[in-house]
Amino acid sequence: MPRHATPRRYLMCSPAHFEVSYSINPWMDPRKPVDVSLAVAQWEDLRERYRSLGHTVEELTPRPDLPDMVFAANGATVIDGRVLGARFAHAERAPEAAAHLDWFREHGFPEGELCEPVHINEGEGDFAVTASYVLAGRGFRASPLSHGEAQEFFGRPVIGLDLVDPRYYHLDTALAVLDDAADEVAYYPGAFSPGSRAVLRRLFPDALIAERPDAAAFGLNAVSDGLHVLLPQAAVGLFEPLRQRGFEPIGMDLGELLKGGGSVKCCTQELRC
Ligand code: ARG
């Protein structure tokens, strides 16, 4: 199948103040030291890779009191220029939501297109956008009620998916959108309840199914522009299946950020506008 990249606009936030000082997911161990300069170098590598592929990267100002702010995907969900803000499940990250909304206000997004949500959602951590649907995770972070809120705001069908394994606490740790013009995804079935697995099989019969070691290497925390798929380089089992589908996988090393429980996708919020 011929693939083509479309130019994207991404929002990222430097890990200049990244640390693991608390634990809100099983990957975070505050006893393990973090090398901030290495985290920054790995993150800059990702940012420059996007730019070299012709994408636009905007930056949020990192805050010393918000060490997880590098995971910019969690701060909002933007579709058709409409911005659904986040409401975080944990107090440690709560102020990130306002920082994101302020950024949108300062960057010309009209107030009428911004929504401060009532229900808990962590942006693209639990919302994934395909051509036909917004896929929405629940079980660990997003409230099931946020799914209805997103459906009403975006006017797109929202499909709720139940996450059952705490290591895959956000949808974007277990499912990646490979082609958002054609409903093509990759996912790790083990992260989902039996009913949600059946829903995924029904909606995406041709999905790329990831094996456990690649999921555990955060291989599904990937970003695709329709041709290039940026993913953790340790997810070695995904490269050949992606190539067979006509994608160009690009392995990235975000090892320091893995200590916070995130990788490529977590660091990247897509501004669909
Ligand atoms: N430490 C962060 C948290 O647990 C990591 C967030 C990762 N982001 C993501 N989109 N999965 O909230």
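Residues numbered from 1 in each chain as written. Predicted model: local features only at pLDDT ≥ 70, side-chain atom pairs only at ≥ 80, totals over all residues.

Right, let's get into the site of the ligand. Near the ligand, the surroundings consist of 16 residues, among which Phe71, Gly125, His170, Gly262 and Cys266 are the closest. Classifying every residue of the shell around the ligand gives five nonpolar, eight polar and three charged. (Near = placed C-beta within 6 Å. Nonpolar A, V, L, I, M, F, W, Y, C, P; charged D, E, K, R; others polar.)

Inspection of the sheet shows strand 3 (residues 76–79) paired to strand 4 (residues 82–85) by four bridges, in the antiparallel sense. Bridge assignment links alanine 76 to a residue of strand 4, and that residue is glycine 85. Between strand 3 and the antiparallel strand that follows it, strand 4, lie two residues; aspartate 80 among them carries a positive phi value of about 55 degrees. Read as a crossover between parallel neighbours, the route from strand 4 over helix 2 (residues 96–106) to strand 5 (residues 114–115) is right-handed. (Pairing = 2+ DSSP bridges. Helix = DSSP H or I, 4+ residues; strand = E, 2+ residues; numbered from the N terminus. Right-handed = clockwise from strand over helix to strand, strands pointing away.)

Residues Ala174, Leu220 and Cys267 are the most contacted members of the largest nonpolar core, which totals 70 residues. Sequence-distant contacts of leucine 220, defined by excluding residues within four places in its chain, comprise Thr173, Ala174, Leu175, Ala176, Ala186, Tyr187, Tyr188, Ala210 and Ala215. (Core = buried A, V, L, I, M, F, W, Y, C linked by C-beta atoms within 7 Å. Buried ≥ 20, exposed ≤ 12 C-beta atoms within 10 Å, placed from the backbone. Contact = placed C-beta atoms within 7 Å.)

Attention now moves to the sheet that holds strand 12 (residues 223–224). Spatial strand order, 12-13-14: three strands in an open sheet with mixed pairing. In the strand order of this sheet, the two ends are held by strand 12 and strand 14 (248–252), each with one partner. Pairing of strand 12 with strand 13 (residues 228–232) involves two bridges; the strand directions are antiparallel. Note on strand 13: the bridge partner recorded for serine 224 is valine 229.

Looking now at the pairing of strand 1 (residues 9–13). Of all five residues in strand 1, four are buried, a share of seventy percent or more. Relative to strand 2 (residues 56–60), strand 1 runs parallel, the two being bridged by five bridges. Bridge pairing in strand 2 links cysteine 13 to leucine 60. Note: strand 1 against strand 15 (residues 269–270), two bridges, orientation antiparallel. Of the residues in strand 15, the one forming a bridge with tyrosine 10 is glutamate 270.

Below, the discussion takes up helix 3 (residues 144–154). Among the residues of helix 3, Ser146, His147, Glu149 and Ala150 are the ones counted as buried. Angularly, the buried residues of helix 3 cover 165 degrees about the axis, an arc narrow enough to put them on a single face. On its buried face, helix 3 is in contact with strand 4, strand 6 (127–129), strand 7 (134–138) and strand 8 (158–162). The first or second residue beyond helix 3 is glycine 155, which carries a positive phi of 65 degrees. (Arc of directions from axis to C-beta.)

Of note, aspartate 183 is a non-glycine position whose phi angle comes to about 55 degrees, a positive value. Topologically, aspartate 183 is positioned in the loop between strand 9 (175–179) and strand 10 (184–187). The residue phenylalanine 218 is not glycine, and still its phi comes out positive at about 65 degrees. Here phenylalanine 218 is to be found in the loop between helix 5 (212–216) and strand 12. Judged by local crowding, phenylalanine 218 falls into the buried class, with 27 C-beta atoms found within 10 Å.

Take the environment of asparagine 121 next. Mapped onto the secondary structure, asparagine 121 falls in the loop between strand 5 and strand 6. Along the sequence, asparagine 121 and serine 146 sit 25 residues apart, while their C-alpha atoms lie 6.0 Å from each other. Each residue touching asparagine 121, except ones within four places of it in the same chain, is listed here: Ala86, Arg87, Asp126, Phe127, Ala142, Ser146 and Ala150.

Quick look at the sheet that holds strand 5 now. Across a sheet, paired strands are connected by hydrogen bonds in the backbone, their directions being either parallel or antiparallel. Strand order in the open sheet formed by three strands is 3-4-5, with mixed pairing between adjacent strands. Of all strands in the sheet, those with a lone pairing partner are strand 3 and strand 5, marking the two edges. By the bridge criterion, two bridges tie strand 4 to strand 5 in an arrangement that is parallel. In the strand pairing of strand 5, valine 83 is matched with leucine 114. With respect to the sheet, helix 2 is in contact with strand 3, strand 4 and strand 5, its orientation differing from that of strand 4 by roughly 165 degrees. Its contacts with the sheet put helix 3 on strand 3, strand 4 and strand 5, and the angle it makes with strand 4 is roughly 165 degrees. (Axes fitted to C-alpha atoms, helices over the stretch in contact; angles between N-to-C directions.)

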